[in-house]
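Analysis of the macromolecular model
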Amino acid sequence: MPTVSSDNLAIFGGKAAFAEPLHVGRPNQGDRRRLFDRLGEMLDRNWLSNNGPFVQELEQKIAEHVGVRHCVAMCNATVALEIAVRALGLSGEVIVPSMTFVATAHALQWQRITPVFCDIDPRTHTLDGARVEELITPRTTGILGVHLWGRPCEVEALGDIAQRRGLRLLYDAAHAFSCSRGGRMIGGFGDAEVFSFHATKFFNTLEGGAVATNDDDLARKIRLMKNFGFAGYDRVACIGTNGKMNEASAAFGLCTFERLEEIRAINRRNHSLYAEALDGVPGVALVAYDERERNNYQYVVLEVDKDAAGLSRDELLAVLHAENVLARRYFYPGCHRMEPYRTYFPQAGLRLPETERLVNRVLQLPTGTSVGEEEIRAIGGIVRRASAEAERVRRVLAPALSRRHAA
Ligand code: T4K
């Protein structure tokens, strides 16, 4: 049971609130007995990969759930993005946010396509349409939007730009499985959308991902490409790679899928509990989801306004880590400040003021099925206490943080 000392935070020498670390991204699992049954079936069948029956069943369930004609399951979202990018014929330059997991940019650069980093709208944390238009050049072939934290991009504005300027439009929907925009499920926007089913995601298949699309030709091409381009036993129709999902992953996914609504309800409850626990803490805002839409609530994101809070995001992070709450600072420092992009585009930060501001303000807190009410109230108590004692926190942390900045 967590114990938050009301007068002695761990950074002041008190005992950590949690004996065991509390992580962001603990996996959600389905029913274990159902999983063992399915794994038994798989072993009896001795069909372990290559478009097996569990993969087909999962693809059908996902396509139905998000309301698209095609779902192609893959080994992970990074490979799914690479394949979608190639199948869409992207080349030259593609406009993409820097405020994303580095895999989004890598999926382009890996194929020698230049990711042109675009700033975000500070209200949505997703691509700013006006900035996108300014970055279009004769070499631009597409836009790759990211539904960050599961909050959808301004799909109407981006769709309009793509249509007017003759660009392909792909979405990295790694965070947005089972979310909607304007009542329509994510999966059906743009030319295609890519989900991640990594262990740390709301819905997982151990490792995994999928491309969702309503474009028959594109789906056919993607299916070929994820299987080396094989169109028959001895016939290779195009260049391809190995992007297949295996049967054990699909079996795990089918079991997690059966708990989807329950997991979503727990995430939603956790999000509301955090809202209550953090209510009124100055300068610390919980990023909200649009309650008129369907959300998966998989990320609990705080935005820390240093001036109002009296503490920086990194100071609050240090307080939480000392209590064994391993909050994260996704996606610091932004792709443009990671290699190889930092070397390729040393000036990129100049046109990304909102991204640079946001990467220094946000942190993510633990949620999911392994986090309960008591933990959330304790975490809220830690944040509240740190805020009340902001000056003392800053004094205690100053030497360590200045050493870190100097390094
Ligand atoms: N696009 C976007 C916008 C993405 O966010 C991602 C992935 C992708 C594309 C690419 O999707 P994939 O190719 O991965 O399908 C994690 C995930 O590995 C990554 O999938 C995810 N985004 C990213 C946001 O988070 P790390 O480097 O932070 O993971 P790691 O190893 O630190 O794990 C996070 C925490 O989760 C750990 O502290 C402990 C816990 N954990 C993790 C695993 C794997 C567990 O408790 N059990 C586990 O099995 O990237």
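Structure's up top.
Residues numbered from 1 in each chain as written. Predicted model: local features only at pLDDT ≥ 70, side-chain atom pairs only at ≥ 80, totals over all residues. Heavy atoms only, no water.

What follows is about the layout of surface pockets. A volume near 510 Å³ is recorded for the largest pocket. Around the largest pocket, the lining is made up of 30 residues, and of these S196, H198, T200, K201 and Y299 lie nearest the centre. Mapped by element, the contributors of at least two residues to the lining of the largest pocket are α3 (77–87) and α4 (102–109). The dominant element in the lining of the largest pocket, judged by the number of residues it contributes, is α3, at three residues. (1 Å grid on protein atoms, 1.4 Å probe; cavity = no way out; pocket = protein on both sides within 12 Å on 5 of 7 lines; lining within 4 Å. Points joined across faces, edges and corners; volume = space filled by probe spheres on them. Helix = DSSP H or I, 4+ residues; strand = E, 2+ residues; numbered from the N terminus.)

Next up on the list: the side chain of N28. Locating N28 in the fold gives a position in the loop between β1 (22–23) and α1 (32–45). Look at N28 and you get buried, because its relative accessible area is 4%. Reaching out from N28, the side chain makes a polar contact with the backbone oxygen of F202 at a distance of 3.1 Å. Setting aside residues up to four positions removed in sequence, N28 forms contacts with K201, F202, N204, F252, T256, I263, G368 and T369. (Buried < 20%, exposed > 50% of the residue type's maximum accessible area, 1.4 Å probe, protein only. Polar contact = N/O pair within 3.5 Å; in protein donor to acceptor, adjacent residues only side chain to side chain. Contact = heavy atoms within 4.5 Å.)

With that settled, the discussion passes to helix α6 (residues 155–165). Among the residues of α6, those classed as buried are V155, L158, I161 and A162. Mapping the buried residues of α6 onto a view down its axis gives an arc of 130 degrees, with all of them on the same face. Among the structural elements, α5 (129–135), β5 (140–146), β6 (168–172) and β7 (180–181) are those in contact with the buried residues of α6. G166 lies just past α6 and shows a positive phi near 65 degrees. (Arc of directions from axis to C-beta.)

Residues in contact with the ligand amount to 24 residues; listed here are only the nearest, R26, T78, D172, H175 and Y330. Here a nitrogen atom of the ligand and a side-chain polar atom of K201 are 2.9 Å apart. Here the ligand has 920 Å² of accessible area as a free molecule, and 75% of this is covered by the chains. At a threshold of 2 Å from the grid points, most atoms of the ligand map onto the largest pocket. Listing elements by their share of the shell around the ligand, those giving two or more residues are α3 and α4. Residues belonging to the shell around the ligand are distributed by class as follows: nine nonpolar, 11 polar and four charged. (Near = heavy atom within 4 Å. Areas by Shrake-Rupley, 256 points an atom, 1.4 Å probe, with all protein chains shown as cover. Sits in = over half its atoms within 2 Å of the grid points. Nonpolar A, V, L, I, M, F, W, Y, C, P; charged D, E, K, R; others polar.)

On the surface, a cluster of nonpolar side chains totalling about 250 Å² of accessible area is made up of F228, F230 and V236. Tracing the backbone shows V236 in the loop between α7 (216–225) and α8 (247–257). Since its relative accessible area comes to 48%, V236 is described here as partly exposed. (Patch = residues over 30% accessible without salt bridge, like charges linked within 9 Å, V, L, I, M, F, W, Y side chains within 5 Å. Salt bridge = Lys/Arg side-chain N within 4 Å of Asp/Glu carboxyl O.)

Glancing now at the pairing of strand β4 (residues 114–118). A regular strand places its side chains so that they alternate between the two faces of the sheet. Most of β4 is tucked away: four of the five residues are buried. The pairing of strand β3 (residues 93–97) with β4 spans five bridges and is parallel. Paired with V96 across the strands is F117, a residue of β4. Since β3 and β4 lie parallel, the crossover through α4 that links them has a hand, and here it is right-handed. (Pairing = 2+ DSSP bridges. Right-handed = clockwise from strand over helix to strand, strands pointing away.)

This part covers the packing of aromatic side chains. Per the stated rule, a full pass over the model turns up 15 aromatic pairs. For the ring pair F228 and F230, a centre distance of 6.2 Å and an interplane angle of 75 degrees mean the geometry is edge-to-face. Using a relative accessible area of 35% as the deciding quantity, one classes F228 as partly exposed. By relative accessible area, which is 34% here, F230 ends up partly exposed. (Phe/Tyr/Trp six-rings, centres within 6.5 Å; stacked < 30°, edge-to-face > 60°.)

By themselves, these observations are geometric and do not establish any function.
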